[in-house]
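# Secondary and tertiary structure notes
Spelled out from the first residue to the last, the chains are:
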Amino acid sequence: LGLQRAEHPLLGAAVELAGSDRMVFAGRLSAASQGWLADHAVHGTVLIPGTALVELALAAGDRMGCGRLEELTLQAPLVLPETGAVQLQVSVGEPDAEGRRTVEIHSRPERHAAEAAWACNALGALTEAAAHPAPAALGEVWPPQDASAVEVGAFYDGLADRGYEYGPVFQGLRRAWRRGDEVFAEVALPEEAANAAGAFGVHPALLDAALHAMNFASVTGGSGTPLPFAWTGVTLHAVGATVLRVRIAPDDARGAVGVELFDQTGLPVASVESLALREVSPEQLAVADDPDSLFEVEWVSAADGGSAEAGAVSWAVLGDGPLAEGGEVFADVDALVASSKDLPGTVVLEC
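Residues numbered from 1 in each chain as written. Predicted model: local features only at pLDDT ≥ 70, side-chain atom pairs only at ≥ 80, totals over all residues. Heavy atoms only, no water.

So, about helix α4 (residues 204-212). The buried count for α4 comes to nine of nine residues, which makes it a mostly enclosed element. The set of residues buried in α4 consists of Pro 204, Ala 205, Leu 206, Leu 207, Asp 208, Ala 209, Ala 210, Leu 211 and His 212. (Buried < 20%, exposed > 50% of the residue type's maximum accessible area, 1.4 Å probe, protein only. Helix = DSSP H or I, 4+ residues; strand = E, 2+ residues; numbered from the N terminus.)

Between helix α1 (residues 50-63) and α4, whose axes approach to 8 Å, the crossing angle comes to 130°. Relative to α4, the element α1 is oriented oblique. The two elements α1 and α4 cross, and the hand of that crossing is right-handed. Of the residues in α4, those touching α1 at Thr 51, Ala 52 and Glu 55 are Pro 204, Leu 207, Asp 208 and Leu 211. (Axes fitted to C-alpha atoms, helices over the stretch in contact; angles between N-to-C directions. Parallel < 35°, antiparallel > 145°, perpendicular 65-115°, else oblique. Left-handed = near helix turned anticlockwise from the far one by under 90°. Contact = heavy atoms within 4.5 Å.)

A few words on unusual backbone geometry. That bond from Trp 142 to Pro 143 is cis: its omega, 0°, falls within 30 degrees of zero. Considering the arrangement of structural elements, one finds Pro 143 in the loop between β9 (119-127) and β10 (148-150). You will see that Glu 7, though not glycine, has its phi angle at about 60°, which is positive. Among the residues examined, Glu 7 registers a relative accessible area of 64% and is labelled exposed. Even without glycine at this site, His 43 takes up a positive phi of about 50°. Take His 43: its relative accessible area is 25%, and that puts it in the partly exposed class.

This next bit is on α1. When the terminal C-alpha atoms of α1 are compared, their 20 Å separation across 14 residues agrees well with the 20 Å that a helix rising 1.5 Å per residue should span. By the criterion of burial, α1 is predominantly enclosed, with 11 of the 14 residues buried. Among the residues of α1, those classed as buried are Gly 50, Thr 51, Ala 52, Leu 53, Val 54, Glu 55, Leu 56, Ala 57, Leu 58, Ala 60 and Gly 61. Downstream of α1 by a residue or two, Gly 65 has a phi angle that is positive, lying close to 80°. (Expected span 1.5 Å × (residues − 1).)

Let's shift gears to the side chain of Thr 51. Among the secondary structure elements, Thr 51 is positioned in helix α1. Among all residues touching Thr 51, those that are not within four sequence positions of it are Pro 204, Leu 207, Asp 208, Leu 211 and Trp 231.

On to the sheet that holds strand β5 (residues 45-46). Strand order in the open sheet formed by three strands is β5-β4-β11, and the pairing between neighbours is antiparallel. Each edge of the open sheet carries a strand with a single partner, namely β5 and β11 (164-166). Sheet topology note: the strand β4 (residues 40-42)/β11 ladder contains three bridges and is antiparallel. From the neighbouring strand, Val 42 faces β11, where its bridge partner is Tyr 164. (Pairing = 2+ DSSP bridges.)

Let us now look at the packing of aromatic side chains. In total, this model carries eight aromatic pairs according to the counting rule given. Between the aromatic rings of Trp 36 and Phe 170, the centroid separation amounts to 6.2 Å while the plane-to-plane angle is 25°, which identifies the pairing as stacked. Note that Trp 36 is positioned in the loop between β3 (23-29) and β4 and Phe 170 in the loop between β11 and β12 (173-179), a separation of 134 residues in sequence. Note on Phe 155 and Phe 216: the rings are 5.2 Å apart at their centroids and 35° apart in plane angle, and the pair reads as tilted. In this pair, Phe 155 sits in helix α2 (residues 155-161) while Phe 216 sits in the loop between α4 and β14 (226-236), placing the two residues 61 residues apart along the sequence. Grouping residues by exposure puts Phe 155 and Phe 216 together as buried. Three or more aromatic residues joined by ring pairs make a cluster, and in this case those are Trp 36, Tyr 164, Tyr 166, Phe 170 and Phe 200. Arg 278 extends its terminal NZ or CZ atom over the ring of Phe 229, reaching a point 3.8 Å from the ring centre. (Phe/Tyr/Trp six-rings, centres within 6.5 Å; stacked < 30°, edge-to-face > 60°. Lys NZ or Arg CZ within 6 Å of the ring centre and 35° of its normal.)

In short, geometric facts, not functional conclusions.
Okay, here's the thing in structure tokens:
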């Protein structure tokens, strides 16, 4: 078909775009093909974890010679349907003067794909990793001195009460400790997932389990259902890990955390300079899970200020002057939004 193999468990093909230094990677995700993804559910909705989007961006960047994920901001949840599949695209842009490339992740349901719009799930940037050395080795003493053990026996039962419904593949937290504001943990993949770990940079379920230790940090607040939202400075130092030692420290300046991952000997595996969380509600996930439930634009008759069928109509104008009889002029969109609650009926906008 004129495509290249992507050589990644979540991506099937890659294509270089002619006349440019850009590349697009394509994949297809489904509960039938990647059953382990179904173990990641929040408020009853199966979500592709943010760690999988990070893995996709890093894999695409590595193919283009940019092994560091400078930033990745999640735009919309990527929902895995119970039946059918999701089509996936990871696009890497041309390098700018400093070698920085954009990365975008889009998806759409395979059902009715011809009519379905592509949703943007994540936007970010990639850079070369050489200028960012790995953190120092963890050291021989583990757990760290002066760290106090945290009870984790009923940990996942507690998460389920807050809306995190994780299956066995994502229940990787084994032990945890606290030392002041720092959190340390051990996480591991179950055997069925560990066999495939070598095909990933860091298996998304293992990285997700490492982030579960944030629930012992003050940044999560101990309630609600926050999920990873904005990643900064993600660098991979080794691949194929099945067990990790984790260090999480607060990033007070950004209201986030820094994350360092090490293997069982204390050598660095990956590092995240800053990770910010955002609260997600069941209502938000319900809308993401059912695109047909979103509001649609509908044209109504508004000639001469509206018709009886259209109901009351207000004219809102962006610009220097009214373009319709009785139109109220707004200098910018922010001013319009701030005043729209006081405008009766349907608002017709002219620019």
